[in-house]
Amino acid sequence: MKTISAGDLKTHFSEILKSVEAGEKFAITYGKKKEIKALLVPNEIKKTKRKLGILEGKATYAFVGGHNTSEKEFFGL
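The structure presented is a predicted model; accordingly, all values stated were derived computationally and were not measured.

Engineer: Before we go on, may I ask you to explain the nonpolar core in this structure?
Structural biologist: One broad rule of soluble globular proteins: the nonpolar side chains tend to lie buried together. Formed by Ile4, Leu9, Ile16, Val20, Phe26 and Ile28, the largest nonpolar core amounts to six residues. Counting residues per element, the ones that place at least two in this core are helix 2 (13–21) and strand 2 (26–30).

Engineer: How do you make sense of unusual backbone geometry when you look at a structure like this?
Structural biologist: Trans is the common state for peptide bonds, and a negative phi is the common state for residues other than glycine. Unlike most non-glycine residues, Lys34 shows phi in positive territory, near 55°. Summarising the element assignment, Lys34 is placed in the loop between strand 2 and strand 3 (35–40). Assessed through its relative accessible area of 53%, Lys34 is described here as exposed.

Engineer: For this particular structure, what's the right way to read the sheet that holds strand 3?
Structural biologist: Strand pairing in a sheet relies on backbone hydrogen bonds. The paired strands run either parallel or antiparallel. The mixed open sheet is built from three strands, whose spatial order is 1-2-3. The open sheet has two free edges, formed respectively by strand 1 (2–5) and strand 3, since each of these has just one partner strand. On average, each strand axis in the sheet is tilted by 35° relative to the strand beside it, whichever way the strands run. Relative to strand 2, strand 1 runs parallel, the two being bridged by four bridges. Pairing of Ile4 across the sheet is with Ile28, part of strand 2. Seen against the sheet, helix 2 touches strand 1, strand 2 and strand 3 and runs at an angle of roughly 145° to strand 2.

The rules behind the values
Residues numbered from 1 in each chain as written. Predicted model: local features only at pLDDT ≥ 70, side-chain atom pairs only at ≥ 80, totals over all residues. Heavy atoms only, no water. Core = buried A, V, L, I, M, F, W, Y, C linked by side-chain atoms within 4.5 Å. Buried < 20%, exposed > 50% of the residue type's maximum accessible area, 1.4 Å probe, protein only. Helix = DSSP H or I, 4+ residues; strand = E, 2+ residues; numbered from the N terminus. Pairing = 2+ DSSP bridges. Axes fitted to C-alpha atoms, helices over the stretch in contact; angles between N-to-C directions. Contact = heavy atoms within 4.5 Å.

Right, here's the structure in full:
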């Protein structure tokens with residue numbers, strides 16, 4: 001893990017971000033004592049596509065009279 005001051009981080013943010021994207025970790029220091037205040041680490045959460053329609057055939061819906069909302073408005077379409 002590399003250390004970098006907050007000022008240098010602001011100056012070289014794009015370069016540091018590319019390094020983090022490549023897997024490097026950074027400790028961000030601040031103040032006269034150069035204390036570590038934060039860590040900048042790669043995102044390890046893998047994004048997966050949400051499966052739509054997982055309840056297809058398992059659930060139903062019904063609109064009961066007396067409502068002024070259409071199906072399109074209800075589902076945000």
